[in-house]
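# Fold and contact review
So the chains spell out like this:
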Amino acid sequence: MLTAERYSMRIKSKLTVTFLAVAVIPMLLVGYFIFYNSRNSLQVQILHALEANAEFKANTINDYILERKSDLFILQNRNVIKSFLPVLDQFKNDPSNLSYVEAKKTVDAQLVIMQKAYNYVDIMLVNKEGIVIYVTNPQHQIELNKPLVNKEEVLQKVKASAYIGEVHRFDSKEHPYCLDLAGAVSGSANEFAGLVYVELCMRPMYEITQKVKIFGPSMEVLLVKKTADNKVLFLSPLKGAPDAALEKTVPLGSQEAIPAQKAALGETGSGISVDYRGKKVLSAWRPISVLGWGLVAKVDVEEAFASINKLEEIVETIFILFIVLLVLVALAVAKSIANPILKLSHGAEMVGKGQLDYKIDVTVKDEIGDLAKAFNAMAKNIKDLMQKEREFAFAEARLAVEKKKTDELRALNQQLRANEQQLKAANQQLSATEQQLRASNQQLTANEQQLKAANQQLLATEQQLRATNQQLLANEQALRTSQAGLEEKVRERTRELAEAKYSLEAQVQERTRELEEKMANLEKMNKFMVDRELRIIELKKEVNKLCLELGRPEQYKGGVS
């Protein structure tokens, strides 16, 4: 009995494990594959968005600086600057001189308008020795007749090309950070006469980086630069540390701020890495070639994958509940199969002990129930055979006494042969039961095929998800096309404004030439009138002299005036 119970428990365990393995393993594989692909797809989409954002902002800053360099080029070649730079330099120590005042007034008429239009902190004129001789910002009057702080570097670089300085702090709430630009001004003989020095506020570039409309609060765009001592300097304010600009640095080769390091080295790329806070982030980095800077657009991995992590928690909860339900179902199925087998085993043990009246109580209507009925019939037949054997023994005893019942013995032999046929029939019935068990195995195989079909359906669902991802990529491409069209319109409008600006400058230059010609004519007229007065005075002197020689009184009394 103990052996049969152990065998029954093993059957239950095997059936339970097999059922769970067939049901759970495919579901685990499919679930892992779906989550892995979903996470990868979401990561690719986020990286594409970060790359597009970083590329757009880097190009926008690049274009902004190129426009300011274009403004600088216009200033370098303006006639008003070329004409009055020598005058301003000549009377720099005497700002109350009429020539200096008139020259400053003429230059102010053009440069102050440009300073306000483009939000420049200051536009300064510097002579060829590096001395400041003119400023547009009244607050910078104190810098007049003083050399530039970085005079030697600026004078050396500006003769070769436009000078772009370093971002520096400025003692002003309105313009806390500035960037300096400078360009050479040529004299009438194309010699180096001085330079135009522009202080550009960093606020417009910071606004470009801080206008972020994608992702959540952890999204951040940074400006960085490699320093001479192989460090990465953060040029823009950081989230949570607005005063970190120009203060925070990270050594190249360290394990933090990896996107910033790559951007500062002029690399282009994207991926998962660690930012300056030591947090794991999805980021994209781009170089800003015109400045030698780098730009990083990043978002925390925790925030980027928040939706899919939440979904994963929900699915894990559902999966655990499903496993519990599967265990209960598997135990119920295993019990429904193992218990009848246990009863059959116990019945065989009882029949083996000679209790031929014992009947197996199995009520299930399947192959095992049929096997139990066949077993009960077999026990009954065995009992009948044993009863007949006893009758045969009694008859044989009688034959031993009477010796005349040979025919009965033959009849008994025939009966034994009939019993043998019945045993063969019982064996055939057992074989039929074995066939039924095989059919049951085939049914289990069919169930396995159904599970495989379910797996194929899950694969089809995955293909539909891939098609959805491709559609999203197509939508992203359309968005990029629309963005390119908008940028083209902006560039066209910029060209129109530049042409209008050039036309206005031409009109101003033409009006200036007309005024200069009128001034020259007035000077000529003034000189002619002075000469005429001098000649009249000389004539009066000659007339008085002649009158004295003739002995007459002087015709013009009171002297000649």
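These numbers come from a predicted model, not from an experiment.

### Here we look at the overall build of the protein chain
Each helix and strand in the protein chain was counted, giving ten helices and twelve strands. Evaluated residue by residue, the protein chain yields a buried proportion of 32% over its 561 residues. For the protein chain, restricting intrachain contacts to residue pairs at least 6 apart in sequence, the fraction spanning at least 24 positions comes to 55%. Summed over its atoms, the accessible surface of the protein chain is roughly 34,700 Å², and 57% of this surface lies on carbon and sulfur atoms.

### A short note on empty space enclosed by the protein
Counted by the stated rule, this structure contains three cavities of 30 Å³ or more. Taken together, Leu 222, Ala 257, Pro 259, Ala 260, Asp 275, Tyr 276, Val 296 and Lys 298 make up the lining of the second largest cavity. Put simply, the parts of the chain that give the lining of the second largest cavity at least two residues each are helix H6 (258-264) and strand E12 (293-300). Classifying every residue of the lining of the second largest cavity by side-chain character gives six nonpolar, no polar and two charged.

### Quick look at the pairing of strand E6 (residues 192-201)
For E6, a buried count of eight out of ten residues is recorded, marking the element as mostly surrounded by other parts of the structure. Across nine bridges, the pairing between strand E5 (residues 177-186) and E6 is antiparallel. Paired with Cys 178 across the strands is Cys 201, a residue of E6. Count of turn residues in the E5/E6 antiparallel hairpin: five residues, of which Asn 190 carries a positive phi of about 60 degrees.

### Concerning the side chain of Gln 76
Following the sequence through the fold, Gln 76 ends up in helix H1 (residues 2-76). Taking relative accessible area as the criterion, Gln 76 reaches 15% and is therefore assigned buried. Engagement of the side chain of Gln 76 in a polar contact is seen with the backbone oxygen of Ala 184, the distance being 2.7 Å. With residues up to four places along the chain from it excluded, the contact list for Gln 76 reads Lys 82, Gly 183, Ala 184, Val 185 and Val 196.

### A short note on helix H5 (residues 203-210)
For H5, the complete set of buried residues consists of Met 205, Tyr 206, Ile 208 and Thr 209. Here the buried residues of H5 occupy an arc of 155 degrees about the axis, which is enough to place them on one side.

### Here we look at the packing of aromatic side chains
Within the structure shown, the criterion is met by three aromatic pairs. Relative to Tyr 206, the ring of Tyr 177 lies with its centre 5.9 Å away and its plane at 75 degrees, an arrangement referred to as edge-to-face. With Tyr 177 in strand E5 and Tyr 206 in helix H5, this residue pair connects regions lying 29 residues apart in the sequence. For the pair shown, Tyr 177 and Tyr 206 are each scored as buried. Between the aromatic rings of Phe 234 and Tyr 276, the centroid separation amounts to 5.6 Å while the plane-to-plane angle is 70 degrees, which identifies the pairing as edge-to-face.

### Topic: the environment of Ser 273
Residue position: Ser 273 is located in strand E10 (residues 269-274). With relative accessibility at 13%, the residue Ser 273 sits in the buried group.

### As for the sheet that holds strand E8 (residues 231-234)
The strand order E9-E8-E7-E12-E11-E10 describes an open sheet built from six strands, whose pairing is antiparallel. At either margin of the open sheet sits one strand with a lone partner, and together these are strand E9 (249-251) and E10. For this sheet the average axis-to-axis angle between neighbouring strands, irrespective of direction, equals 30 degrees. The pairing of strand E7 (residues 220-226) with E8 spans three bridges and is classified as antiparallel. Bridging across to E8, Lys 225 finds its partner in Leu 233.

### Considerations on the pairing of E10
Side chains Gly 269, Gly 271 and Ser 273 project from E10 onto a buried face, and the interleaved Ser 270, Ile 272 and Val 274 project onto a face without burial. Taking the residues that link successive antiparallel strands as the turn, the E10-strand E11 (residues 280-288) hairpin has five residues, and the phi of Gly 278 there is positive, at about 80 degrees.

### Side note on the pattern of salt bridges
For the structure on display, the rule yields 16 salt bridges. Linking Arg 495 and Glu 492 is a salt bridge whose minimum nitrogen-to-oxygen distance equals 2.3 Å. Residue Arg 495 and its partner Glu 492 are located together in helix H10 (residues 406-549), separated by three residues, close to a single helical turn. A residue is classified by how much of its surface remains accessible, and Arg 495, at 38% relative accessible area, is partly exposed. Residue classification places Glu 492 among the partly exposed residues on the basis of a relative accessible area of 36%. Residue Glu 510 is joined to Arg 513 by a salt bridge in which the shortest nitrogen-to-oxygen separation is 2.4 Å.

### Quick word on the nonpolar core
Counting residues in each nonpolar core, the largest one holds 70 residues, and the members touching the most others are Met 205 and Trp 293. Looking at this core element by element, the count peaks at ten residues for H1. Aside from chain neighbours lying at most four places away, what touches Met 205 is Ile 61, Tyr 64, Ile 65, Leu 179, Leu 200, Leu 291 and Trp 293.

### Quick look at the state of the cysteines
As used here, a disulfide is simply a covalent bond connecting the sulfur atoms of two cysteines. The final tally for this structure, using the stated rule, is zero disulfides. The thiol sulfur of Cys 201 is not disulfide-bonded, and the nearest other cysteine sulfur, from Cys 178, lies at 5.6 Å.

### Side note on the packing of helix H2 (residues 79-90) against helix H3 (residues 98-117)
Close contact between H2 and H3 brings their axes to 9 Å; oriented N to C, the two are set at 150 degrees. By the criterion of interaxial angle, the relationship of H2 to H3 is roughly antiparallel. In the packing of H2 onto H3, the handedness of the crossing is left-handed. Residue-level contacts link Val 80, Ile 81, Phe 84, Val 87 and Leu 88 of H2 to Ser 99, Tyr 100, Ala 103, Lys 104, Thr 106, Val 107, Gln 110 and Leu 111 of H3. Across the contact of H2 with H3, the residue classes tally to nine nonpolar, three polar and one charged.

### What to know about unusual backbone geometry
Here the phi dihedral of Asn 145 falls at roughly 65 degrees; this positive angle occurs in a residue that is not glycine. Tracing the backbone shows Asn 145 in the loop between strand E2 (132-135) and helix H4 (151-158). Its identity as a non-glycine residue notwithstanding, Leu 246 has a phi of 65 degrees, on the positive side. Following the sequence through the fold, Leu 246 ends up in the loop between E8 and E9.

### Some words on the confidence of the model for the protein chain
Of the residues in the protein chain, 83% have a pLDDT of 70 or more, and the chain-wide mean is 80. Here helix H8 (residues 306-352) stands out as the element of the protein chain with the lowest mean pLDDT, 71, in contrast to E8, whose mean of 93 is the highest. Contacts of residues 1-9 to residues separated by more than four positions or lying in other chains number eight contacts, the stretch itself having pLDDT below 50.

### Thoughts on the side chain of Ser 236
If you trace the backbone, Ser 236 turns up in the loop between E8 and E9. Looking at Ser 236, its side chain comes within polar contact range of the main-chain nitrogen of Leu 223, at 3.1 Å. Setting aside its immediate chain neighbours within four residues, Ser 236 contacts Tyr 206, Val 221, Leu 222, Leu 223 and Ala 245.

Cut-offs and rules
Residues numbered from 1 in each chain as written. Predicted model: local features only at pLDDT ≥ 70, side-chain atom pairs only at ≥ 80, totals over all residues. Heavy atoms only, no water. Helix = DSSP H or I, 4+ residues; strand = E, 2+ residues; numbered from the N terminus. Buried < 20%, exposed > 50% of the residue type's maximum accessible area, 1.4 Å probe, protein only. Contact = heavy atoms within 4.5 Å. Areas by Shrake-Rupley, 256 points an atom, 1.4 Å probe, with all protein chains shown as cover. 1 Å grid on protein atoms, 1.4 Å probe; cavity = no way out; pocket = protein on both sides within 12 Å on 5 of 7 lines; lining within 4 Å. Points joined across faces, edges and corners; volume = space filled by probe spheres on them. Nonpolar A, V, L, I, M, F, W, Y, C, P; charged D, E, K, R; others polar. Pairing = 2+ DSSP bridges. Polar contact = N/O pair within 3.5 Å; in protein donor to acceptor, adjacent residues only side chain to side chain. Arc of directions from axis to C-beta. Phe/Tyr/Trp six-rings, centres within 6.5 Å; stacked < 30°, edge-to-face > 60°. Axes fitted to C-alpha atoms, helices over the stretch in contact; angles between N-to-C directions. Salt bridge = Lys/Arg side-chain N within 4 Å of Asp/Glu carboxyl O. Core = buried A, V, L, I, M, F, W, Y, C linked by side-chain atoms within 4.5 Å. Disulfide = S-S within 2.5 Å. Parallel < 35°, antiparallel > 145°, perpendicular 65-115°, else oblique. Left-handed = near helix turned anticlockwise from the far one by under 90°. pLDDT = per-residue confidence, 0-100.

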